[in-house]
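Survey of secondary and tertiary structure
Here is what each chain is made of, one letter per residue.
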Amino acid sequence: MAGRKRISQRVIDERPIDGGGRGITLTFRADDGPSAASPIPAVLRLPRASERVPAALLLHGYASRKEDMAESVGEALVPLGIATLSIDLPLHGERADPFELRSMRDPFELAERWRTAIAEAHLALRFLAARPEIDRERLGVIGYSLGSYLSLAVAERDRAARAFVLAAGGDLPDFPLAQLIRSVADPLRGVRALAGRPLLMVHGRRDRTILPAQAERLFAAADEPKEI
(Lines give C-alpha, C1' and ligand atoms only; values in the text may rest on other atoms or scores of the structure.)
Protein backbone atom coordinates (compact mmCIF):
# COMPACT_ATOMS: atom_id res chain seq x y z
CA MET A 1 0.00 0.00 0.00
CA ALA A 2 1.30 3.45 -0.93
CA GLY A 3 2.87 5.33 1.94
CA ARG A 4 3.47 2.31 4.11
CA LYS A 5 6.82 2.00 5.83
CA ARG A 6 9.08 -0.84 4.80
CA ILE A 7 9.72 -3.48 7.49
CA SER A 8 13.08 -5.23 7.75
CA GLN A 9 14.22 -8.08 9.99
CA ARG A 10 17.44 -9.52 11.38
CA VAL A 11 17.45 -13.23 12.23
CA ILE A 12 19.50 -14.04 15.33
CA ASP A 13 18.83 -17.75 15.72
CA GLU A 14 16.71 -20.47 14.10
CA ARG A 15 16.12 -24.02 15.33
CA PRO A 16 13.58 -26.88 15.18
CA ILE A 17 10.95 -26.90 17.93
CA ASP A 18 8.93 -29.64 19.60
CA GLY A 19 5.68 -30.46 17.87
CA GLY A 20 7.15 -29.80 14.43
CA GLY A 21 8.15 -26.52 12.90
CA ARG A 22 10.81 -23.99 13.77
CA GLY A 23 11.47 -21.22 16.22
CA ILE A 24 13.18 -18.03 15.06
CA THR A 25 14.67 -15.39 17.34
CA LEU A 26 14.82 -12.10 15.49
CA THR A 27 14.36 -8.35 15.55
CA PHE A 28 12.28 -6.26 13.16
CA ARG A 29 11.89 -2.56 12.54
CA ALA A 30 10.30 0.03 10.28
CA ASP A 31 12.29 2.49 8.19
CA ASP A 32 11.39 5.30 10.57
CA GLY A 33 9.68 5.82 13.90
CA PRO A 34 10.88 4.47 17.29
CA SER A 35 11.67 0.98 15.98
CA ALA A 36 14.09 2.36 13.38
CA ALA A 37 16.58 3.18 16.14
CA SER A 38 15.44 0.48 18.57
CA PRO A 39 14.43 -2.71 16.70
CA ILE A 40 11.74 -4.85 18.34
CA PRO A 41 12.99 -8.19 19.79
CA ALA A 42 10.70 -11.09 18.91
CA VAL A 43 10.26 -14.86 18.88
CA LEU A 44 8.50 -16.31 15.85
CA ARG A 45 7.19 -19.89 15.97
CA LEU A 46 6.15 -21.46 12.68
CA PRO A 47 4.43 -24.86 12.39
CA ARG A 48 5.46 -27.26 9.66
CA ALA A 49 2.93 -26.77 6.87
CA SER A 50 2.62 -26.87 3.09
CA GLU A 51 0.12 -24.00 2.97
CA ARG A 52 -0.20 -20.61 4.63
CA VAL A 53 -1.17 -20.86 8.30
CA PRO A 54 -3.11 -18.66 10.73
CA ALA A 55 -1.07 -16.66 13.23
CA ALA A 56 -1.45 -14.87 16.55
CA LEU A 57 0.43 -11.91 17.98
CA LEU A 58 1.25 -12.60 21.66
CA LEU A 59 1.42 -9.63 24.06
CA HIS A 60 2.84 -10.27 27.53
CA GLY A 61 1.97 -8.77 30.91
CA TYR A 62 3.70 -6.18 33.09
CA ALA A 63 7.24 -7.15 34.21
CA SER A 64 7.14 -10.13 31.82
CA ARG A 65 8.89 -10.82 28.49
CA LYS A 66 8.35 -12.36 25.09
CA GLU A 67 9.72 -15.77 26.11
CA ASP A 68 7.01 -16.19 28.75
CA MET A 69 4.33 -16.06 26.05
CA ALA A 70 6.33 -17.95 23.41
CA GLU A 71 7.08 -20.86 25.76
CA SER A 72 3.50 -21.18 27.02
CA VAL A 73 0.85 -20.03 24.54
CA GLY A 74 3.18 -20.27 21.55
CA GLU A 75 4.23 -23.80 22.47
CA ALA A 76 0.58 -24.86 22.75
CA LEU A 77 -0.50 -23.36 19.43
CA VAL A 78 2.21 -24.64 17.09
CA PRO A 79 0.98 -28.29 17.18
CA LEU A 80 -2.46 -26.92 16.22
CA GLY A 81 -0.98 -25.40 13.09
CA ILE A 82 -1.01 -21.79 14.34
CA ALA A 83 2.07 -19.58 14.09
CA THR A 84 2.84 -17.05 16.83
CA LEU A 85 4.91 -13.89 17.17
CA SER A 86 5.87 -12.80 20.69
CA ILE A 87 7.43 -9.36 21.18
CA ASP A 88 9.13 -7.54 24.04
CA LEU A 89 7.07 -4.47 24.91
CA PRO A 90 8.89 -1.19 25.62
CA LEU A 91 10.97 -1.37 28.85
CA HIS A 92 10.49 -5.15 29.08
CA GLY A 93 12.62 -8.21 28.32
CA GLU A 94 15.68 -7.34 26.28
CA ARG A 95 14.57 -3.72 26.35
CA ALA A 96 14.40 -3.42 30.15
CA ASP A 97 16.19 -0.39 31.58
CA PRO A 98 15.87 0.34 35.33
CA PHE A 99 16.90 3.95 34.79
CA GLU A 100 14.20 4.50 32.17
CA LEU A 101 11.61 2.93 34.47
CA ARG A 102 12.00 5.95 36.74
CA SER A 103 10.55 8.12 33.98
CA MET A 104 7.31 6.16 34.26
CA ARG A 105 6.38 8.38 37.20
CA ASP A 106 5.76 11.11 34.63
CA PRO A 107 2.21 10.62 33.21
CA PHE A 108 3.17 12.29 29.93
CA GLU A 109 6.11 9.91 29.48
CA LEU A 110 3.87 6.97 30.38
CA ALA A 111 1.33 8.04 27.76
CA GLU A 112 4.09 8.33 25.15
CA ARG A 113 5.34 4.80 25.96
CA TRP A 114 1.78 3.52 25.64
CA ARG A 115 1.45 5.08 22.19
CA THR A 116 4.77 3.49 21.21
CA ALA A 117 3.56 0.07 22.39
CA ILE A 118 0.40 0.41 20.28
CA ALA A 119 2.40 1.43 17.22
CA GLU A 120 4.78 -1.51 17.68
CA ALA A 121 1.93 -4.00 18.07
CA HIS A 122 0.41 -2.64 14.86
CA LEU A 123 3.81 -3.02 13.17
CA ALA A 124 4.06 -6.60 14.48
CA LEU A 125 0.72 -7.47 12.83
CA ARG A 126 2.00 -6.00 9.56
CA PHE A 127 5.21 -8.01 9.92
CA LEU A 128 3.19 -11.22 10.40
CA ALA A 129 0.88 -10.45 7.48
CA ALA A 130 3.83 -9.87 5.16
CA ARG A 131 5.47 -13.24 5.82
CA PRO A 132 4.97 -15.85 3.06
CA GLU A 133 4.13 -18.59 5.61
CA ILE A 134 1.20 -16.65 7.11
CA ASP A 135 -2.42 -16.36 5.98
CA ARG A 136 -3.01 -12.64 6.46
CA GLU A 137 -6.78 -13.20 6.51
CA ARG A 138 -6.48 -15.29 9.71
CA LEU A 139 -4.60 -13.12 12.21
CA GLY A 140 -5.43 -12.93 15.91
CA VAL A 141 -4.14 -11.22 19.04
CA ILE A 142 -3.66 -12.89 22.43
CA GLY A 143 -2.93 -10.63 25.38
CA TYR A 144 -2.22 -11.36 29.02
CA SER A 145 -2.93 -8.74 31.74
CA LEU A 146 -1.18 -5.58 30.49
CA GLY A 147 -1.13 -7.28 27.10
CA SER A 148 -4.93 -7.55 27.24
CA TYR A 149 -5.27 -3.80 27.61
CA LEU A 150 -2.84 -3.33 24.74
CA SER A 151 -4.77 -5.85 22.61
CA LEU A 152 -7.91 -3.74 22.94
CA ALA A 153 -6.01 -0.56 22.05
CA VAL A 154 -4.85 -2.38 18.91
CA ALA A 155 -8.41 -3.53 18.16
CA GLU A 156 -9.56 0.07 18.29
CA ARG A 157 -7.08 1.16 15.62
CA ASP A 158 -6.44 -1.92 13.47
CA ARG A 159 -8.81 -4.23 11.58
CA ALA A 160 -6.08 -6.67 10.54
CA ALA A 161 -6.67 -8.95 13.53
CA ARG A 162 -9.83 -11.06 13.13
CA ALA A 163 -10.08 -12.58 16.64
CA PHE A 164 -8.95 -11.73 20.17
CA VAL A 165 -8.13 -13.66 23.34
CA LEU A 166 -7.81 -11.72 26.61
CA ALA A 167 -6.36 -13.48 29.65
CA ALA A 168 -6.56 -11.66 33.00
CA GLY A 169 -7.96 -8.58 31.29
CA GLY A 170 -10.81 -6.31 32.27
CA ASP A 171 -12.17 -2.81 32.52
CA LEU A 172 -10.34 -0.16 34.53
CA PRO A 173 -10.85 -0.29 38.31
CA ASP A 174 -13.11 2.25 39.99
CA PHE A 175 -10.75 4.93 41.30
CA PRO A 176 -10.48 8.73 40.98
CA LEU A 177 -8.08 8.76 37.99
CA ALA A 178 -10.08 6.27 35.91
CA GLN A 179 -11.71 8.94 33.72
CA LEU A 180 -8.35 10.59 33.06
CA ILE A 181 -6.81 7.27 32.06
CA ARG A 182 -9.75 6.55 29.74
CA SER A 183 -8.74 9.55 27.66
CA VAL A 184 -5.57 7.62 26.76
CA ALA A 185 -6.58 3.96 27.15
CA ASP A 186 -10.22 2.91 27.48
CA PRO A 187 -10.81 -0.87 27.51
CA LEU A 188 -14.57 -0.40 27.07
CA ARG A 189 -14.05 1.65 23.93
CA GLY A 190 -11.57 -0.94 22.70
CA VAL A 191 -13.83 -3.95 23.27
CA ARG A 192 -16.72 -2.20 21.51
CA ALA A 193 -14.39 -1.64 18.56
CA LEU A 194 -14.23 -5.42 18.05
CA ALA A 195 -17.59 -4.92 16.32
CA GLY A 196 -18.37 -8.60 15.87
CA ARG A 197 -14.84 -9.97 15.77
CA PRO A 198 -14.78 -13.08 18.02
CA LEU A 199 -13.66 -12.59 21.63
CA LEU A 200 -12.56 -15.18 24.19
CA MET A 201 -11.84 -14.02 27.75
CA VAL A 202 -10.10 -16.21 30.35
CA HIS A 203 -10.07 -15.00 33.95
CA GLY A 204 -9.42 -16.23 37.48
CA ARG A 205 -12.33 -16.09 39.92
CA ARG A 206 -9.88 -15.16 42.70
CA ASP A 207 -7.77 -12.67 40.74
CA ARG A 208 -6.99 -9.77 43.08
CA THR A 209 -5.07 -7.64 40.59
CA ILE A 210 -7.74 -7.39 37.91
CA LEU A 211 -10.94 -8.27 39.75
CA PRO A 212 -13.53 -10.65 38.24
CA ALA A 213 -16.05 -7.78 38.30
CA GLN A 214 -13.76 -5.78 35.99
CA ALA A 215 -13.57 -8.73 33.57
CA GLU A 216 -17.36 -9.18 33.66
CA ARG A 217 -17.91 -5.47 32.96
CA LEU A 218 -15.61 -5.64 29.95
CA PHE A 219 -17.27 -8.83 28.69
CA ALA A 220 -20.72 -7.27 29.00
CA ALA A 221 -19.66 -4.36 26.77
CA ALA A 222 -18.54 -6.66 23.93
CA ASP A 223 -20.74 -7.71 21.02
CA GLU A 224 -21.30 -11.35 20.07
CA PRO A 225 -19.65 -13.70 19.32
CA LYS A 226 -17.99 -13.83 22.72
CA GLU A 227 -17.20 -16.31 25.49
CA ILE A 228 -15.79 -15.99 29.00
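Cut-offs used in this document
Residues numbered from 1 in each chain as written. Predicted model: local features only at pLDDT ≥ 70, side-chain atom pairs only at ≥ 80, totals over all residues. Heavy atoms only, no water. Buried < 20%, exposed > 50% of the residue type's maximum accessible area, 1.4 Å probe, protein only. Helix = DSSP H or I, 4+ residues; strand = E, 2+ residues; numbered from the N terminus. Pairing = 2+ DSSP bridges. Contact = heavy atoms within 4.5 Å. Expected span 1.5 Å × (residues − 1). Salt bridge = Lys/Arg side-chain N within 4 Å of Asp/Glu carboxyl O. Phe/Tyr/Trp six-rings, centres within 6.5 Å; stacked < 30°, edge-to-face > 60°. Lys NZ or Arg CZ within 6 Å of the ring centre and 35° of its normal. Core = buried A, V, L, I, M, F, W, Y, C linked by side-chain atoms within 4.5 Å. Patch = residues over 30% accessible without salt bridge, like charges linked within 9 Å, V, L, I, M, F, W, Y side chains within 5 Å. Areas by Shrake-Rupley, 256 points an atom, 1.4 Å probe, with all protein chains shown as cover.

Here the focus is the pairing of strand E3 (residues 40-46). Two faces make up the sheet, and in a regular strand the side chains alternate between them. Summarising burial for E3: 7 of the 7 residues are buried, a large majority. Here E3 shows a buried face lined by Ile 40, Ala 42, Leu 44 and Leu 46 and a second buried face lined by Pro 41, Val 43 and Arg 45. Here 7 bridges tie strand E2 (residues 22-30) to E3, and the two strands are oriented antiparallel to one another. Note that in E3 the partner of Ile 24 across the bridge is Leu 44. By the bridge criterion, 4 bridges tie E3 to strand E5 (residues 83-87) in an arrangement that is antiparallel. Counterpart to Leu 44 in the pairing with E5 is Leu 85.

Attention now goes to the side chain of Ser 8. Here Ser 8 is to be found in strand E1 (residues 7-16). Sequence-distant contacts of Ser 8, defined by excluding residues within four places in its chain, comprise Thr 27, Phe 28 and Arg 29.

Next up on the list: the environment of Val 202. As for its placement among the helices and strands, Val 202 is situated in strand E8 (residues 199-202). On a C-alpha basis, the gap between Val 202 and Leu 166 in space is 6.3 Å, while along the polypeptide they are 36 residues apart. Apart from the residues within four sequence positions on either side, Val 202 is in contact with Leu 166, Ala 167 and Ala 168.

What follows deals with helix H5 (residues 146-157). Between the first and last C-alpha of H5 there are 17 Å, a value that for 12 residues agrees with the 16 Å anticipated at 1.5 Å per step. In terms of residue burial, H5 counts as a mostly covered element, since 9 of its 12 residues are buried. Inspection of H5 places Gly 147, Ser 148, Tyr 149, Leu 150, Ser 151, Leu 152, Ala 153, Val 154 and Ala 155 among the buried residues, and these make up the whole buried set.

The next thing to look at is the pattern of salt bridges. One pass over the full model with this rule turns up 21 salt bridges. As a salt-bridge pair, Arg 138 and Asp 135 come within 2.8 Å of each other at their nearest N and O atoms. In the salt-bridge network here, residues are joined through shared partners; they are Glu 156, Arg 157, Asp 171, Asp 174, Arg 182, Asp 186, Arg 189 and Arg 217.

Attention shifts here to the packing of aromatic side chains. Under the definition given, this model contains 1 aromatic pair. Seen in terms of ring centroids, Phe 28 and Phe 127 are 4.7 Å apart; in terms of plane orientation they differ by 5 degrees. Their pairing is stacked. Here the residue Phe 28 occupies a position in strand E2, and Phe 127 occupies one in helix H4 (residues 107-130), the gap between them amounting to 99 residues. Residue Phe 28 is classed as buried on the basis of its relative accessible area of 0%. The cationic tip of Lys 226 hangs over the ring face of Phe 219; the distance from NZ or CZ to the ring centre is 4.6 Å.

So, on to the nonpolar core. Counting residues in hydrophobic clusters, the biggest one holds 50 residues, and the most contacted among them are Phe 28, Leu 57, Leu 85 and Ile 87. Tallying contributions element by element places H4 first for this core, with 10 residues. Not counting chain neighbours up to four residues away, the residues in contact with Leu 85 comprise Phe 28, Ala 42, Val 43, Leu 44, Ala 56, Leu 57, Leu 58, Ala 124, Phe 127 and Leu 128. Leu 58, Met 69, Leu 77 and Ile 142 belong to the second largest nonpolar core, which has 5 residues in total.

Taken together, the side chains of Phe 175, Leu 177, Leu 180 and Ile 181 define a hydrophobic patch exposed on the protein surface, amounting to about 360 Å² of accessible area. The residue Leu 177 is located in the loop between strand E7 (163-167) and helix H6 (178-182) in this model.

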